[in-house]
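Listed below are the residues making up each chain.
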Amino acid sequence: TAPTSAYSSPARSLGDTGITPLSPSHIVNDTDSNVSEQQAFLVVVAIDFGTTSSGYAYSFTKEPECIHVMRRWEGGDPGVSNQKTPTTILLTPERKFHSFGYAARDFYHDLDPNEAKQWLYLEKFKMKLHTTGDLTMDTDLTAANGKKVKALEIFAYALQYFKEQALKELSDQAGSEFENSDVRWVITVPAIWKQPAKQFMRQAAYQAGLVSPENSEQLIIALEPEAASIYCRKLRLHQMIELSSKAAVNGYSGSDTVGAGFTQAKEHIRRNRQSRTFLVENVIGEIWSELEEGDKYVVVDSGGGTVDLTVHQIRLPEGHLKELYKATGGPYGSLGVDYEFEKLLYKIFGEDFIEQFKIKRPAAWVDLMIAFESRKRAAAPDRTNPLNITLPFSFIDYYKKFRGHSVEHALRKSNVDFVKWSSQGMLRMSPDAMNALFKPTIDSIIEHLRDLFQKPEVSTVKFLFLVGGFAEAPLLQQAVQAAFGDQCRIIIPQDVGLTILKGAVLFGLDPAVIKVRRSPLTYGVGVLNRYVEGKHPPEKLLVKDGTRWCTDVFDKFISADQSVALGELVKRSYTPAKPSQLVIVINIYSSEHDNVSFITDPGVKKCGTLRLDLTGTSGTAVPARREIQTLMQFGDTEIKATAIDIATSKSVKVGIDFLNY
């Protein structure tokens, strides 16, 4: 065997501060003992910080049935009517915040191309938090001009912008200055985000001044599909469209209802667009009244960047929600369609040209993608006439300089037969060509849903709620309908793009509605156990003062995918490995795997440290076996750990930290 020096064990050097479990190890769930007193907030403001678009909504705690969606913003695109604003941010050449949303886009667009290269323009940057494996406070983002900026700064600028807008609107409404301390903030994040990304959002909120770390409970990080789920419970029949192939509805057959129902709905929304206040009746919606105790439903939250699938179960009488299966999904948002369009442009004009054009004419590239966005929204399964996408003049011009021949020429010789050049200077795409751009993303979503429906926990699902901005796409609706229409009822809330925002407000008004979640990770602490020959691996043997210990043991607190009630406490008792120790260090570890034996197993990460000083007991008789109690409490998306020295009632607390280890 290899010499022990070659074997690196985190606990070798910690031999003097180690702990060993007091047998028997027991778990106490006293969920009720720690219901903290609610701070009185006057208003709940929820921010839906989306990949492609963002917005906020609010409700006064005195009239919780009214949800107000933010004021209409300046700007706005033809063919795209929604209450949200693009998630785009512009910094000056000196890297100071300049503008956000349409304002940022329009200002950037109007800059002289040479000047534009100095400005930092960022869009669709939220995905970076999902795709970065080793996210830290120092992770960078790349602006359109290729320059790097700190992600934390950008997220903080964006949140600060929303904070200022919301407080301004609230002050205008109240007729006097509105204090930030009166606001409970809610920020939504995808459920499939890993813990570091969720924590990152909270850090950004601290930096933006939304709340201070001392008042951390003033901010709730809510999971997007959970928020959607809470809103869907309130739906009345006239507020949704059902895609169902089971029977003809109002004389329409299933295939008609997709189009027809949506047209009616759009009319309805158009009429109500002036009003930004939504009444949420305090009843449980009609759909909900059909659900019985134990019924299951799936929420498919399809946004710009990610698709999140969550399975919930009803618990009566209050209709609390219980998460049945840990959130799954992936990067299958509508961005995938944009990416396919880019690949199509590569095919026609060459990747070298497109990449060069993006850097040299960043504002024109943004224009081209905006033009594509509005045509993307016109795609539909039964469309027969072509979709025209205007090419910016600088694209045509720059291409001629770059290649020495015209855009028209490129299209002719590219063999892409679905895309033609129209005399008005547009790309003409056949409906088939457009549908092909959607296919990979939609296929991924359907495949993912199929996998989910195969899980035993997910059999017998009654409803599937399709929410999020991408749920507006008729092509996605049709695909979901075709694949699952015979297994469950498929429901789309009418203002589907605002579902999460409104649900997040409701969640902020009553955070206790979600009672049980699934832990996404296995948590435990590193301990020393008495060494047992034949059971423990020899390389884990550590001899201290004549006692033989097995080191690096992972003592499990909770396993991945185990149910965790909101506020649940898991308690364990330990004792110092050596009676004379003056300090103990408890290291907390996490893993995505279930069966973890040692903290050195692959995939185990350290995510917290509790240091407890054991001095200060001289004079009192210290019991022979000193008990150190360790508690882990599972909150909304945060986990707190505490260690208590029972002899002296000294205690230390720590929040689990995924960014700084």
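Residues numbered from 1 in each chain as written. Predicted model: local features only at pLDDT ≥ 70, side-chain atom pairs only at ≥ 80, totals over all residues. Heavy atoms only, no water.

## A closer look at the overall build of the chain
Here is step 1: Across its full length, the chain carries 16 helices and 33 strands.
Here is step 2: If you take every contact in the chain between residues at least 6 apart in sequence, the share linking residues at least 24 apart comes to 72%.
Here is step 3: Here the chain displays about 28400 Å² of accessible surface, and carbon together with sulfur accounts for 51% of that area. (Helix = DSSP H or I, 4+ residues; strand = E, 2+ residues; numbered from the N terminus. Contact = heavy atoms within 4.5 Å. Areas by Shrake-Rupley, 256 points an atom, 1.4 Å probe, with all protein chains shown as cover.)

## As for the pattern of salt bridges
Pairing is possible between side chains of opposite charge, provided their charged atoms come close.
Here is step 1: Inspection of the entire model under this criterion finds 18 salt bridges.
Here is step 2: Between Asp338 and Lys376 there is a salt bridge, and its shortest N-O distance comes to 2.7 Å. Taken together, the positions of Asp338 in helix H9 (residues 335-349) and Lys376 in helix H11 (residues 362-376) put the pair 38 residues apart, joining distant regions of the chain.
Here is step 3: The class of Asp338 is buried, set by a relative accessible area of 4%.
Here is step 4: The partner of Lys376 in a salt bridge is Glu373, and the shortest N-O contact between them spans 3.0 Å. (Salt bridge = Lys/Arg side-chain N within 4 Å of Asp/Glu carboxyl O. Buried < 20%, exposed > 50% of the residue type's maximum accessible area, 1.4 Å probe, protein only.)

## Details of the sheet that holds strand E19 (residues 419-422)
Here is step 1: Across the sheet, which stays open at both edges, the three strands sit in the order E18-E20-E19 with antiparallel pairing between neighbours. Two strands lie at the open edges of the sheet, namely strand E18 (387-390) and E19, each paired on one side alone. Adjacent strand axes in the sheet meet at a mean angle of 30°, parallel and antiparallel pairs treated alike.
Here is step 2: As paired elements, E18 and strand E20 (residues 426-429) share four bridges and run antiparallel to each other. Bridging across to E20, Leu387 finds its partner in Met429.
Here is step 3: Those strands touched by H9 are E18, E19 and E20, and its axis lies near 115° from that of E20. (Pairing = 2+ DSSP bridges. Axes fitted to C-alpha atoms, helices over the stretch in contact; angles between N-to-C directions.)

## Side note on the side chain of Thr87
Here is step 1: Inspection of the secondary structure assignment puts Thr87 in the loop between strand E5 (85-86) and strand E6 (88-91).
Here is step 2: Taking relative accessible area as the criterion, Thr87 reaches 1% and is therefore assigned buried.
Here is step 3: Side chain to side chain, Thr87 and Ser54 meet in a polar contact 2.7 Å long.
Here is step 4: Leave out the neighbours within four places in its chain, and Thr87 touches Phe49, Gly50, Thr51, Thr52, Ser53, Ser54, Phe100, Leu122, Glu123, Lys124 and Phe125. (Polar contact = N/O pair within 3.5 Å; in protein donor to acceptor, adjacent residues only side chain to side chain.)

## Brief notes about the nonpolar core
Note on soluble globular proteins: their nonpolar side chains tend to be buried together.
Here is step 1: If you look at the biggest cluster of nonpolar residues, it comprises 145 residues, and the most contacted ones within it are Phe155, Phe341 and Phe349.
Here is step 2: The dominant element in this core, judged by the number of residues it contributes, is helix H4 (residues 151-174), at 13 residues.
Here is step 3: Setting aside residues no more than four positions away along its own chain, Phe349 makes contact with Ile354, Leu391, Phe395, Tyr399, Arg403, Val407, Ala410 and Leu427.
Here is step 4: In terms of nonpolar packing, the next biggest core, distinct from the first, is built from 30 residues, Val527, Ile586, Ile588 and Phe598 among them. (Core = buried A, V, L, I, M, F, W, Y, C linked by side-chain atoms within 4.5 Å.)

## Some points on the sheet that holds E6
Here is step 1: Reading across the sheet, the three strands line up as E7-E6-E8 and stay open at both edges, with antiparallel pairing between neighbours. The strands lining the two open edges of the sheet, one partner per strand, are strand E7 (97-100) and strand E8 (120-123). Strand-to-strand twist across the sheet, computed as the mean angle between neighbouring axes with direction ignored, equals 20°.
Here is step 2: Strand direction decides the pairing type here: E6 and E7, joined by three bridges, are antiparallel. Its bridge partner being in E7, Ile89 is matched across the sheet by Phe100.

## As for the pairing of strand E15 (residues 296-302)
Here is step 1: Where burial is concerned, most of E15 is hidden: seven out of the seven residues are buried.
Here is step 2: Burial along E15 is two-sided: the face carrying Lys296, Val298, Val300 and Ser302 and the face carrying Tyr297, Val299 and Asp301 are both buried.
Here is step 3: Pairing of E15 with strand E21 (residues 461-467), which is carried by six bridges, proceeds in the parallel orientation. The partner of Lys296 across the bridge, within E21, is Val461.

## Digging into the environment of Asn587
Here is step 1: With respect to the element layout, Asn587 can be found in strand E29 (residues 583-591).
Here is step 2: When its relative accessible area of 6% is taken as the criterion, Asn587 is described as buried.
Here is step 3: A sequence separation of 61 residues divides Asn587 from Gly526, and the C-alpha atoms of the two residues are 5.8 Å apart.
Here is step 4: In terms of polar contacts, Asn587 uses its side chain to reach the side chain of Lys606, at 3.4 Å.
Here is step 5: Within the structure, Asn587 has its side chain in polar contact with the side chain of Thr609 (distance 3.1 Å).

## Section: the packing of aromatic side chains
Here is step 1: Inspection of the entire model under this criterion finds 29 aromatic pairs.
Here is step 2: With 5.8 Å between their ring centres and 25° between their planes, Phe353 and Phe357 make a pair best called stacked. Of the two residues, Phe353 and Phe357 both sit in helix H10 (residues 351-360), four residues apart, roughly one turn of that helix. Assigned by exposure class, Phe353 and Phe357 land together as buried. (Phe/Tyr/Trp six-rings, centres within 6.5 Å; stacked < 30°, edge-to-face > 60°.)

## Section: the packing of H10 against H11
Here is step 1: With their axes 5 Å apart at the nearest point, H10 and H11 run at an angle of 115° to one another. On the basis of the axis angle, H10 is roughly perpendicular to H11. Residue-level inspection shows Ile354, Phe357, Lys358, Ile359 and Lys360 of H10 in contact with H11, the latter providing Pro362, Ala364 and Trp365.
Here is step 2: In terms of residue class, the contact of H10 with H11 is made up of six nonpolar, no polar and two charged. (Parallel < 35°, antiparallel > 145°, perpendicular 65-115°, else oblique. Nonpolar A, V, L, I, M, F, W, Y, C, P; charged D, E, K, R; others polar.)

## Quick notes on the environment of Thr642
Here is step 1: Residue placement: Thr642 occurs in strand E32 (residues 639-645).
Here is step 2: The spatial distance from the C-alpha of Thr642 to the C-alpha of Met632 is 6.5 Å, given a sequence separation of ten residues.
Here is step 3: The residues touching Thr642, leaving out its near neighbours within four places in the chain, are Leu610, Gln629, Thr630, Leu631, Ser651, Val652 and Lys653.

## Considering helix H16 (residues 499-509)
Here is step 1: Taking burial as the measure, the eleven residues of H16 include ten buried ones, the bulk of the element.
Here is step 2: Along H16, the positions that sit buried rather than exposed are Thr499, Ile500, Leu501, Lys502, Gly503, Ala504, Val505, Leu506, Phe507 and Gly508.

## Focus: unusual backbone geometry
Here is step 1: With phi around 55°, Lys124 is a residue other than glycine that occupies positive phi space.
Here is step 2: One can find Lys124 in the loop between E8 and helix H3 (127-131).
Here is step 3: Using a relative accessible area of 26% as the deciding quantity, one classes Lys124 as partly exposed.
Here is step 4: One non-glycine residue, Ser649, lies in the positive phi region at around 50°.

## Quick word on H10
Here is step 1: Every buried residue of H10 is listed here: Phe353, Ile354, Phe357 and Lys358. All buried residues of H10 lie within an arc of 135° about the axis, which places them on one face of the element.
Here is step 2: Close packing links the buried residues of H10 with H9, H11 and helix H12 (393-403). (Arc of directions from axis to C-beta.)

## Quick word on the confidence of the model for the chain
Here is step 1: A residue-level look at the chain finds 81% of positions with pLDDT of 70 or above and a mean pLDDT of 79.
Here is step 2: Across residues 24-37 the pLDDT falls below 50, and counting only partners more than four positions away or on other chains, this stretch makes 19 contacts in the model.
Here is step 3: Contacts for the low-pLDDT stretch residues 280-284, under 50 throughout, to residues beyond four places or in other chains number 13 contacts. (pLDDT = per-residue confidence, 0-100.)

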